Amino acid sequence: MFFLAVRHLLSRKRQTALTLMGIILGAAAYIAISGMMLGFQTFIVDQLVNNDSHIRISAREELLTADSLNGSMFEDGQIASWIKPPSGRKDNAYILSPRTWLDRLERDVDVAAASPQLVVQAIATYGKVSVGARVIGSEPDRQSRVSTIEKYMLTGKFSEIGNSGNRVVIGDALAKKIGASLNETIFLASGRGMPQPFRITGIFSLGVKSLDESTIFAAIRDVQQLNLTPSRISDIAIRLMDVTRAAETASTWNLLSQEKVQSWDQSNEGIMSVFKTQDIVRNSMTISILIVAGFGIYNILSLAVTHKRREIAILRSMGFEPWDISKLFLIQGFILGLIGGVVGLVVGLFFSYMMSQIEVSADRGLGGSHMMVSFDYWIYVKAFFLALVSSSFASFFPARSAGRLEPIDIIRSENT
């Protein structure tokens, strides 16, 4: 039966070749588009998950409103008319009970590491150049367990900032912007007190320009002294054993105190929504490609049934059952899907490799100077099975139609 199916396909070489081209291009397009989109998504998620924290605890932000003040300042039933509505924040810029949180996190078996931080906005000055910067004060050993900052160090080691001593590591884009280099001294000012000198002991590159040109890491004690807030911390960065439980854990912890608790995906809902849109577009394109390829297979097999009516009558008269005739055309669809899927994987891999060699920026940009492409094996597995399933499904209806043909009906139609 298999060799008979191959013979039928080879008897109409042009139509078979065109159908195979549709399946091959469909599978290759799915691989190329998925690789490009997932490559970008994988890099961004890796930056969000590994470079900062899975969960961040910070001071809760509460804004003053007329309703919030009316309840605390006036009795029930009294109506206050505000000439100017209250505005501003009534919260603290630091965590009220950091020791309680740290003790709780140390006892939690789901927590891999936790790093207290003090994050302040400062002015970095080198010579006559001054730029705004986000200074993150942390304990280097704890911060290294929470994030993967060590692997992004270009020069120096992250641990060299120590626990004090006014040493910093800065982003490479920030170093270029102010013209500073390793072992040179910059001045930081937070708006409280006088500017203080800090020596650059390391330079990192996360691959995200907005972070590399604005981020500075220092020892938490030095940042507390710079900000004139001794013993204060503004954030606690947490790394979990299972990152997939970050949102669930953050929602639970959010009920334990007045601090604000957010997981990495909750704090980046805008980016995650873009990923969902990309997935919808990618899946829609896949469905469209499969429909087009399926119609091609359906048409060629339907024509084959029409042109092979006499051969079908001969096969039936030789003792072939209806299911044997249906199986003959199902095998043809399966062969088309199998060959098209395999060749499509090779072509898709070639397209993906060529795209990964396209230079998109002169510097590192978002993760590198070349286009980010994912070569995840699941992309190729899905592409192959989509090609195989779509071709098999498209061949079902012509196969069923062929199986229903009776020899006497075929002979009568030939005579008329």
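Refer to the structure printed above.
Note that the structure is predicted; figures quoted are calculated from it, not measured.

Chemist: Describe the pattern of salt bridges, with residues and values.
Modeler: Applying the stated rule across the entire model yields seven salt bridges. Between Asp 103 and Arg 99 there is a salt bridge, with its nearest N and O atoms 3.1 Å apart. A residue pair is termed a helical-turn pair when its members lie 3 or 4 positions apart in one helix, as Asp 103 and Arg 99 do in helix 4 (residues 98-107) at four residues. What makes Arg 99 partly exposed here is its relative accessible area of 46%. When the shortest N-O distance is used, the salt bridge between Arg 99 and Glu 106 registers 3.5 Å. Overall, Glu 106 belongs to the exposed group, its relative accessible area being 52%.

Chemist: Describe the pairing of strand 2 (residues 111-126), naming the residues involved and giving the relevant values.
Modeler: The pairing of strand 2 with strand 9 (residues 235-240) spans six bridges and is classified as antiparallel. Within strand 9, the position partnered with Ala 114 by the bridge is Ile 238. As defined by bridge partners, strand 2 adjoins strand 3 (residues 129-138) across 10 bridges and the pair is classed as antiparallel. Each bridged residue has a counterpart across the sheet, and for Val 119 the counterpart in strand 3 is Ile 136. Once strand 2 ends, the chain turns through two residues before running back antiparallel as strand 3, passing Gly 127 with a positive phi of about 65°. Sheet analysis places strand 2 next to strand 6 (residues 185-189), joined by three bridges and oriented antiparallel. Across the sheet, Ala 124 pairs through a bridge with Leu 188, a residue of strand 6.

Chemist: Could you give an account of the nonpolar core, with specific residues and numbers?
Modeler: By size, the foremost hydrophobic cluster in this structure holds 40 residues, and its most contacted members are Val 168, Ile 186, Leu 188, Ile 216, Ile 236, Ile 238 and Trp 253. Counting 10 residues, the second-largest nonpolar core is a separate cluster that includes Ile 149, Met 153, Ile 161 and Val 169.

Chemist: Quick rundown of helix 13 (residues 377-394)? Include the residues and the values.
Modeler: Helix length check: helix 13, at 18 residues, gives a terminal C-alpha distance of 26 Å against a target of 26 Å (1.5 Å per residue), a fit within 8%. Within the sequence span of helix 13, burial applies to Ile 379, Tyr 380, Ala 383, Phe 384, Ala 387, Leu 388, Ser 390, Ser 391 and Ala 394. One face of helix 13 carries all of its buried residues, which in axial projection span an arc of 165°. Exposed and oriented more than 90 degrees from the buried face of helix 13 are Tyr 377, Val 389 and Phe 393.

Chemist: Which residues make up the environment of Ser 356, and what values go with them?
Modeler: Positionally, Ser 356 belongs in helix 12 (residues 322-356). A residue is classified by how much of its surface remains accessible, and Ser 356, at 14% relative accessible area, is buried. Taking the C-alpha atoms as reference, Ser 356 lies 9.7 Å from Gly 39; in sequence the two are 317 residues apart. Among residues more than four places away in sequence, those in contact with Ser 356 are His 370, Met 371, Val 373 and Phe 375.

Chemist: Summarise helix 4; cite the residues concerned and give the values.
Modeler: Inspection of helix 4 places Pro 98, Trp 101, Leu 102 and Leu 105 among the buried residues, and these make up the whole buried set. Buried residues of helix 4 fall within an arc of 95° about the axis and therefore sit on the same side.

Chemist: I'd like a rundown of the environment of Pro 140, residues and numbers included.
Modeler: Its location among the elements puts Pro 140 in helix 5 (residues 140-146). Sequence spacing of Pro 140 and Ala 219 is 79 residues, and the spatial spacing of their C-alpha atoms is 7.1 Å. Pro 140 has contacts with Phe 158, Ser 159, Ile 161, Gly 162 and Asn 163, leaving out every residue within four places of it along the chain.

Chemist: Can you tell me about the side chain of Ser 115, naming the residues and giving the values?
Modeler: Take Ser 115: it is sitting in strand 2. A relative accessible area of 0% places Ser 115 in the buried class. For Ser 115, the contacting residues outside a window of four places in its chain are Ser 138, Glu 139, Arg 142, Gln 143, Val 146, Asp 235, Ile 236 and Ala 237.

Chemist: Give a description of the pairing of strand 3 that names residues and reports values.
Modeler: Sheet topology note: the strand 3/strand 8 (residues 215-219) ladder contains five bridges and is parallel. From the neighbouring strand, Arg 134 faces strand 8, where its bridge partner is Thr 215.

Chemist: Can you explain the packing of aromatic side chains? Please cite residues and give values.
Modeler: If you walk through the whole model with that rule in mind, you get six aromatic pairs. Between the aromatic rings of Phe 350 and Phe 351, the centroid separation amounts to 6.2 Å while the plane-to-plane angle is 50°, which identifies the pairing as tilted. Ring geometry for Phe 384 against Phe 385: centres 5.6 Å apart, planes inclined by 80°, an arrangement best described as edge-to-face. Accessibility expressed as a relative area gives 46% for Phe 385, which makes it partly exposed. Among the aromatic residues, ring-to-ring pairing joins Phe 158, Phe 204 and Phe 217 into one connected group. Arg 104 extends its terminal NZ or CZ atom over the ring of Trp 101, reaching a point 4.7 Å from the ring centre. Directly above the aromatic system of Tyr 94 lies the positively charged group of Arg 232, at a separation of 3.9 Å from the ring centroid.

Definitions and limits used
- Residues numbered from 1 in each chain as written.
- Predicted model: local features only at pLDDT ≥ 70, side-chain atom pairs only at ≥ 80, totals over all residues.
- Heavy atoms only, no water.
- Salt bridge = Lys/Arg side-chain N within 4 Å of Asp/Glu carboxyl O.
- Helix = DSSP H or I, 4+ residues; strand = E, 2+ residues; numbered from the N terminus.
- Buried < 20%, exposed > 50% of the residue type's maximum accessible area, 1.4 Å probe, protein only.
- Pairing = 2+ DSSP bridges.
- Core = buried A, V, L, I, M, F, W, Y, C linked by side-chain atoms within 4.5 Å.
- Expected span 1.5 Å × (residues − 1).
- Arc of directions from axis to C-beta.
- Contact = heavy atoms within 4.5 Å.
- Phe/Tyr/Trp six-rings, centres within 6.5 Å; stacked < 30°, edge-to-face > 60°.
- Lys NZ or Arg CZ within 6 Å of the ring centre and 35° of its normal.

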